[in-house]
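# Fold and geometry: a report
Each chain, letter by letter, is given below.
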Amino acid sequence: MSVVITPLRDPLAGGVMPLAEVARQEGYSHILRIAEEWSSGINRFERRGESLLGAHDQGQLIAVGGMTLEPTRPDWLRMRRFYVSRQYRGRGIGRRLAEHLLEHARSCTSVVTVHAGSDDAISFWQAMGFQPLTGESYTHTLRLT
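Structural notes, computed from the coordinates. Starting afresh in each chain, residues are numbered from 1 along the sequence in its written order. With pLDDT at 70 or above as the cut-off, local features in this predicted model cover only qualifying residues; side-chain atom pairs require 80 or more to be listed or tallied, and sums for whole chains, interfaces and linings still use all residues. The side-chain figures draw on all heavy atoms in the structure; neither hydrogens nor water molecules are used.

### Considering the overall build of the protein chain
Along its length, the protein chain carries four helices and seven strands. Runs of E in the DSSP output that reach at least two residues are strands. Runs of H or I that reach at least four are helices, and both are numbered from the N terminus. The secondary structure elements of the protein chain, listed N-terminal to C-terminal, are β-α-α-β-β-β-α-β-α-β-β. With C-alpha atoms as the basis for the radius of gyration, the globule rule is written as 2.2 Å multiplied by the number of residues raised to the power 0.38. Computed over its C-alpha atoms, the radius of gyration of the protein chain comes to 14 Å, within 12% of the 15 Å expected for a compact globule of 145 residues. Along the longest, intermediate and shortest principal axes, the C-alpha atoms of the protein chain span 35 × 30 × 25 Å. Each residue is assigned to one of three classes by its accessible area relative to the maximum for its type, calculated with a 1.4 Å probe on protein chains only: buried under 20%, partly exposed between the two thresholds, exposed over 50%. Expressed as a percentage of its 145 residues, the buried residues of the protein chain come to 48%. When charges are counted, Lys and Arg contribute as positive and Asp and Glu as negative, whereas His and the chain ends are disregarded. Here the site of a charge means NZ on Lys, CZ on Arg, CG on Asp, or CD on Glu. Within the protein chain, one finds 17 positive and 15 negative side-chain charges whose respective centroids are separated by 2 Å.

### With respect to the pattern of salt bridges
We count a salt bridge whenever a side-chain nitrogen from Lys or Arg sits within 4 Å of a carboxyl oxygen from Asp or Glu. Tallying each qualifying case throughout the model produces nine salt bridges. A salt bridge links Glu50 to Arg47; the nearest nitrogen and oxygen atoms lie 2.7 Å apart. A relative accessible area of 45% means that Arg47 is categorised as partly exposed. When the shortest N-O distance is used, the salt bridge between Arg78 and Glu70 registers 3.2 Å. Residues Arg78 and Glu70 agree in their burial class; the two are buried. Counted as one network, the salt bridges with shared partners bring together Glu26, Arg86 and Arg89.

### A short note on the environment of Leu53
Take Leu53: it is sitting in strand S2 (residues 51–57). For the pair Leu53 and Val64, spaced eleven residues apart in sequence, the C-alpha separation works out to 5.7 Å. Pairs of residues are marked as contacts when any of their non-hydrogen atoms sit within 4.5 Å. Leu53 has contacts with Ile5, Thr6, Pro7, Leu8, Ala63, Val64, Gly65, Leu97, His100 and Leu101, leaving out every residue within four places of it along the chain.

### Focus on the pairing of strand S4 (residues 73–84)
Judged by how many residues are buried, S4 sits mostly within the fold: nine of twelve residues are covered. DSSP bridges decide pairing: two strands pair if at least two such bridges lie between them. Sheet analysis places strand S3 (residues 60–70) next to S4, joined by seven bridges and oriented antiparallel. What sits directly across from Met67, in S4, is Met79. Linkage of S3 to S4, two consecutive antiparallel strands, is achieved through a turn of two residues. The handedness of a crossover follows from its direction of travel: if, with the strands pointing away from the viewer, the path from the first strand over the helix to the second runs clockwise, the crossover is right-handed. With helix H3 (residues 93–105) bridging S4 and its parallel neighbour strand S5 (residues 111–114), the resulting β-α-β unit is right-handed.

### A word on the packing of aromatic side chains
Ring pairs are drawn from Phe, Tyr and Trp, using the six-membered ring of Trp, whenever the two centres fall within 6.5 Å, and their geometry is named by plane angle: stacked under 30 degrees, edge-to-face over 60, tilted for the rest. Under the criterion given, the structure shown has five aromatic pairs. Taking 5.1 Å as the distance between ring centres and 70° as the angle between the ring planes, the aromatic pair formed by Trp125 and Phe130 counts as edge-to-face. Each member of the pair, Trp125 as well as Phe130, is classed as buried. Among the aromatic side chains, those forming a connected cluster through ring pairs are Phe82, Phe124, Trp125 and Phe130.

Pasting the structure below:
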């Protein structure tokens, strides 16, 4: 396995639809939103600090992760649209995606948020150093040093 992580300049051309279908079959619709929001122009991951990365194995998109402005705090950033194909989980691909995005974020913000939507996601983000927070539109924050 030789996984390569690169920016997705155009997720529609970058294979996001097949990945979105795999995610949908698992009950996750948030990857399809990448394509929908890109097509409509709502979100192109191009504002200050934003980025959309894809992990490819032999040319096939196997994971995706993004960073956008935090809607409630425009001086912060938010991790979003994370998904790793089931057969690639547990191999550190999600961690590598997150680390790439966090490294990029360090030059733009001091805080990154995430909304962890499942127990697995909670465990993942907490292992990345995110701290739980209640009463907000996000579930965890990470202070960058």
